[in-house]
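# Commentary on secondary and tertiary structure
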Amino acid sequence: MAFAAFGGGAPAKDNSTKRKGGPIVLVLILPGLIYLGLFFMTPLLSLLVTALESPDPSGAIGAYLYDLNFGNFATVVTQYMPQIIRSFGYAFAATVFALAISYPLAYFIGVKLRGSPLIQRLLLTLVIAPFFISFLLRTIAWKQLLSDNSGFVALLHNLHILAPTSYFIGTDAAVIFGLTYNFIPFMTLPLFTNLERLDIRFLEAASDLYANPRKVFRKITLPLSMPGIISGTLLTFIPIAGDYVNASRDFLGSSKTSMIGTMVEADFLQNWNYPSASALSVLLMALILIMVTFYVRRSGTEDLL
Amino acid sequence: MKKLSFGKLALPIYAVLAMVFLLTPIAYTIMFSFNDSTRSNTVWEGFTLRHWAQVCNRQDVCDAVTNSIVIGVISTIFATILGTALAIALVRYSFRARSLVSLSLFLPMATPEVVLGAGLAGLFFNAGVGAGMTTIIIAHVMFCLSFVVVTVKARVQTLDPTLEEAGADLYANPRQVFRKITLPLLMPGIISAALLSFALSFDDFIITYFNSGSVTTFPKYIYVAAARGVPAEANVIASAVFMLAIFIVLATQIRGAIKRSKLAKS
C-alpha cells in the first residue's frame, strides 16, 4: 500500500505461489501476534474496563473501583460534545482539503511524469521529505509564518477578510490548515501508488469514443483510482481525528479549538480521571471502527495492508 | 489552441506550487537553525553558525536526542525482526489464521495515537510498571510493527519463488536457502522498513508522551519547550537529521538508477 512507495521497490506484482505452511508458519507469526496481543489488544480491553469504573469510596484522587458504570459514556458525551464535533469536523474538512490538494499532484507525478522516472523519483522524495523533519517544528514554523504580525495576517486585514482586531492563529481555520498540511503526504502516497498503475490506454479509448476530458475523468480515472482514495482518506482521517497537537494552544490552536485528544490527555495526565479519559478513548475508537468497517466491507483488508 | 497550452502548463505549475507549500516550513526550520538568537527563536536576528558549532551547549536538547536515538534503534531492531517474519508468512504461506493476522496488523494503523497511548499507559499503570525508557520502547515496537510488515510485504511479493526452488534443487537445505537467497533478495525491503520504522519512532510524540514518565525524547522536548519558545539548537538537530535522511534516500535512489541502467545495457 502507501508505504511501499517509501522505497520498497517496484509496485507489488503478486507472483508468489502459496505453500501450505506447517510449524514454520507458527515460528514466523507467533512472536509478532503474541506481541500485538499483549501490547495492542490488552491495552484496548483495559481501556474498556477502566471506562466502566467509578470513583473509589475513599475519595482518594486517582483511585477507582470497577463497577460497570456505563454512565461514564453519557457523561463524556454530554461534557465533551463540542470537542467530539470539532474533532470529526476538523478531520472531515482537513481530509477533503488534503484530497483536493493531493489528487492533482499525485496524478501529475504518477501519470504525467511516467516518461521521466528520474524527475518522478525526485518529486516523490520531496513529497515524503516532511517525514524526515520533526512535525512539531514544522507546525511551529507555520505558527510563526502566519503569526499575528506576519505579512499573511496583514494581507487578510487589508483585504477585509479578517476584522482588524482578529487574527489567524488560534482559529478553527488555522487548525484545519495545519492538519491539512501535516497529513498531505499520507494522502498523496496511496494516491500515487494507485495512479502510477493506471492504464492510460483506457483514457485514450474513452477520448477516441468522443468523451470530453471531464467525462473521461468522471467515468474512467476517478472510478479506477477509488482504492487509492479510500486508503488515502483512511490514512488521513483517522490520525487527524485523534490528533491534538495542531489544535494545542502552543501550536496553531487556542482554548477554543480543543479536540478529543486534548481532553483525553488532560483527563489522563493532569486530572488523573482515568475512567473519563478511557470512556472518551473508547468512544473515539468505536466511531472510527464503524467508519473503517464500512470501508473494509467495500475494499477488503488484503487491499488495505 | 490557447486553452490547450494552458492545460498543459496548469499541472506542472500546480505541482511546483504544491511543492513550495510542502517545503516552506522545512526551509524555515533549517533557516532558523542559523538564527543569531539567544532566548526565543521567533524573530530573525542575523546569521550565525554558533548553534551548529555548540549544539550540546544546550545539554537538555542533546540528552533528549540521545534518548530518541537509543529508543529508535532498539525499537527498530525488534519491529523489523518481528515484522519481516510476519510479512514472509503472509505472502508465502496459506494458513487458517491469515485474515486474523491481517486484521490484527491493520488495526493498530487504524487506531488513533491517543487511544494507543492512553491504552498502554493504563495497562502499565494497572500492572504497576513505572513509565520510562522500557515502556516507550514497548510502545514504539507495537506501532512500528505494522508499517514494517506493509513495507517488507511489498518486497516479498516481487520475489521470484523459482530462485529459492533452484537453490533447493542444488541441495541447499532450507536454512541455507533462507540465508543465501531469500534474505539477500529481501534486504532492500527490510532496509527501507527499518528506515521507516526509525523515522516513525524518532518523530513520535503522542504515544510517547503518555508512556514516558520523566524521560524526555526529542519531540517531547519540543512540545514542552513550545510554550516558552524552542531554542535554535533543536532546529540544528532537526535540520541535521533531515539532511542525513534525504542524503540516504537520494543515494539509494541514484544507486538503484545506476544498477537499472547497467542491467538495461547488458
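Note that the structure is predicted; figures quoted are calculated from it, not measured. (Residues numbered from 1 in each chain as written. Chains lettered and ligands numbered in written order. Predicted model: local features only at pLDDT ≥ 70, side-chain atom pairs only at ≥ 80, totals over all residues.)

## Side note on the overall build of chain B
For chain B, the helix and strand inventory stands at 11 helices and one strand. In sequence order, the secondary structure elements of chain B are arranged as α-α-α-β-α-α-α-α-α-α-α-α. The C-alpha atoms of chain B give a radius of gyration of 23 Å, which is well past the 18 Å a tight globule of 266 residues would have. The principal-axis extent of the C-alpha atoms belonging to chain B is close to 70 × 70 × 40 Å. With 266 residues in all, chain B has 47% of them scored as buried. For chain B, contacts bridging at least 24 residues in sequence account for 76% of all contacts bridging at least 6. (Helix = DSSP H or I, 4+ residues; strand = E, 2+ residues; numbered from the N terminus. Rg over C-alpha atoms; globule rule 2.2 N^0.38 Å. Buried ≥ 20, exposed ≤ 12 C-beta atoms within 10 Å, placed from the backbone. Contact = placed C-beta atoms within 7 Å.)

## Here's the deal with the interface of chain A and chain B
The accessible area lost on association of the parts is a frequent measure of interface size. Contacts between chain A and chain B engage 86 residues on the former and 86 residues on the latter. Ranked by residues supplied to the side of chain A that touches chain B, first place goes to helix H1 (residues 23–50) of chain A with 16 residues. In terms of residue class, the side of chain A that touches chain B is made up of 56 nonpolar, 19 polar and 11 charged. (Nonpolar A, V, L, I, M, F, W, Y, C, P; charged D, E, K, R; others polar.)

## A closer look at the nonpolar core
Counting residues in hydrophobic clusters, the biggest one holds 155 residues, and the most contacted among them are Leu280(A), Leu86(B), Ala118(B), Leu145(B) and Ile222(B). Discounting chain neighbours no more than four positions away, the residues touching Ala118(B) are Leu47(A), Val264(A), Phe268(A), Ala277(A), Ser278(A), Ser281(A) and Phe210(B). (Core = buried A, V, L, I, M, F, W, Y, C linked by C-beta atoms within 7 Å.)

## Concerning the confidence of the model for chain B
Overall, the predicted model of chain B reaches an average pLDDT of 89, with 97% of residues at or above 70. Confidence, read as mean pLDDT per element, is least for strand E1 (residues 93–94) of chain B in chain B (81) and greatest for helix H9 (residues 206–211) of chain B (96). (pLDDT = per-residue confidence, 0-100.)

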